[in-house]
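# Geometric and topological summary
Now for the letters of each chain:
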Amino acid sequence: MGYKELKMERKPVWDIIDEDEKQKAMEFADSYREFLSTHKTEREVAEFAIETASKAGFKDISSGGDRVIIVNRGKAVAIARIGKRPVRDGVRIVAAHIDVPRIDVKQNPLYDSSKTGTALFDLHYYGGIKKYQWVARPLAIHGIVIKEDGRKIDINIGDKPGDPVFTIEDLLPHLSRKAQYGKKIEEAIPGEKLDLIVGSIPLPDEKDAKESIKLNVLKLLSEMYGIKEEDFISAELEVVPAGPAYDVGFDKSMIGGYGHDDRICGYTSLMAVLDAADTEWTAITILFDKEEIGSDGNTGAQSRFAEHVIASLLDLQGELNYKNLMTALQKSQAISADVTAAIDPMWKEVHDPKNAAILGYGLPIMKYTGHGGKYGANDAHAEFVSLIRRIFNQNGVVWQPAGLGKVDEGGGGTVAKYLSKFGMDVIDAGPALLSMHSPFEIASKADLWMAYKGYRAFFEAK
Ligand code: MN
Ligand code: MN
């Protein structure tokens, strides 16, 4: 062989796959775009996962069987396909998160902005957003209100044809000189100025009363949803970008939309576990909540939900005891399926090009995440990285090496380190995005396809 073969080649997926596979990738992307357009909260995605798995013959774990669903408060869910080996030998997990940065409606949100002719919802952002990206754009409200008697009211307004939308307004440029232009970008729009305009007509009989616009909004909420102001205290309402996801580019090679991080991995890992052929190892896709705020809470990856899932599966096999549980956890292998940054064509300087993912070059493999000095990293062992690389190479999964930014440039974490606490081997692998954490994130359809293929190959490999 010539010396040239010693080099690692990185090529676009489009140059590697044949026409037939391109067709499959494009069709897969159509279904994903539909999904992304209509599922905008962790609850909506969890429900989608449960419904889709149910249609594929998976049943709630209470009914037993070898294809099971375990739900955690409608916000986190595990879909498991029992393999030929017993669970005590360890399992294969692909874990993604289904929460997305957004802006939540506060506990007591509604107010009448005195003498401005508007009523607003007070908001509190969730996760790492750049606040300036959320003003002056159409927004929708998705979520639930739980009435005092426990009844659940679904609210989903701003995305259906004929729906009104909502918006966070921004100051006009003419008057921004002192208020905004002289400030640092992160201070130009403080969190408390992210409030949502929800109405401007005063209640007819109360025209002269204080808070007459607020009263009119309350009247409408009562008519539309049967709720009153106190009900907001037990509500979870999320303000999200209104409108669908789109194909991007003349070649339609990309999808732009809200929530690729991390629903692109949620969707592909779900489809992978549903489609996996009879597997040697028990295959489990776990969709977590709360990753964007540190994986805390009992639906986040820092809870013991993963452990609960393995324990429940052992129980199903009549083998639940402490030793089997610890052994199964210790012997398990996991992919932390989360997105990473693609080299930004406008901001190349923040990346190390040799070690950064390129849009459309396949599924990024990340040995470690974290920040400067590898703090907060899981740092997969070389032995496990080798296994993953072997599985991908043997199954036509186009992959690429990746890391998040130059050393000392910043960084970020995933659920990887919370899974590795149990003793299992964990590696990060998920598609690379442009405009990550923005209301319009960009993903390549080629990488979407390779994520699906990669997670499925991991489940199916012996
Ligand atoms: Mn993520
Ligand atoms: Mn994120």
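Read on for a plain summary of the structure. (Residues numbered from 1 in each chain as written. Chains lettered and ligands numbered in written order. Predicted model: local features only at pLDDT ≥ 70, side-chain atom pairs only at ≥ 80, totals over all residues. Heavy atoms only, no water.)

### Some details on the pairing of strand β20 (residues 425–429)
Walk down a regular strand and you will see the side chains alternate between the two sheet faces. When you tally the buried positions in β20, you get four out of five residues, the bulk of the element. With four bridges connecting them, strand β14 (residues 333–336) and β20 associate as parallel partners. Residue pairing in the sheet places Ala334 in a bridge with Val426 of β20. Note that strand β16 (residues 363–366) and β20 share two bridges and pair antiparallel. By the bridge assignment, Met366 is partnered in β20 with Asp428. (Buried < 20%, exposed > 50% of the residue type's maximum accessible area, 1.4 Å probe, protein only. Helix = DSSP H or I, 4+ residues; strand = E, 2+ residues; numbered from the N terminus. Pairing = 2+ DSSP bridges.)

### Here we look at the packing of aromatic side chains
Geometrically, a pair of aromatic rings is defined through the distance of the ring centres and the angle of the planes. Scanning all chains against the criterion turns up 13 aromatic pairs. Centroid distance Phe288 to Phe305: 6.4 Å. Interplanar angle 80°. Geometry classified as edge-to-face. Of this pair, Phe288 sits in strand β13 (residues 282–288) while Phe305 is found in helix α8 (residues 305–316), placing the two residues 17 residues apart along the sequence. Residue Phe288 is classed as buried on the basis of its relative accessible area, which comes to 0%. For Phe305, a relative accessible area of 4% translates into the label buried. Between Phe458 and Phe459, the ring centres sit 6.2 Å apart and the planes meet at 35°, which makes this aromatic pair tilted. For Phe458, a relative accessible area of 0% puts it in the buried group. Judged by its relative accessible area of 0%, Phe459 falls in the buried class. Just above the ring of Phe58 sits the side chain of Arg67; from NZ or CZ to the centre is 5.8 Å. Its guanidinium or amino end placed over the ring of Tyr368, Lys374 lies 4.0 Å from that ring's centre, counting from NZ or CZ. (Phe/Tyr/Trp six-rings, centres within 6.5 Å; stacked < 30°, edge-to-face > 60°. Lys NZ or Arg CZ within 6 Å of the ring centre and 35° of its normal.)

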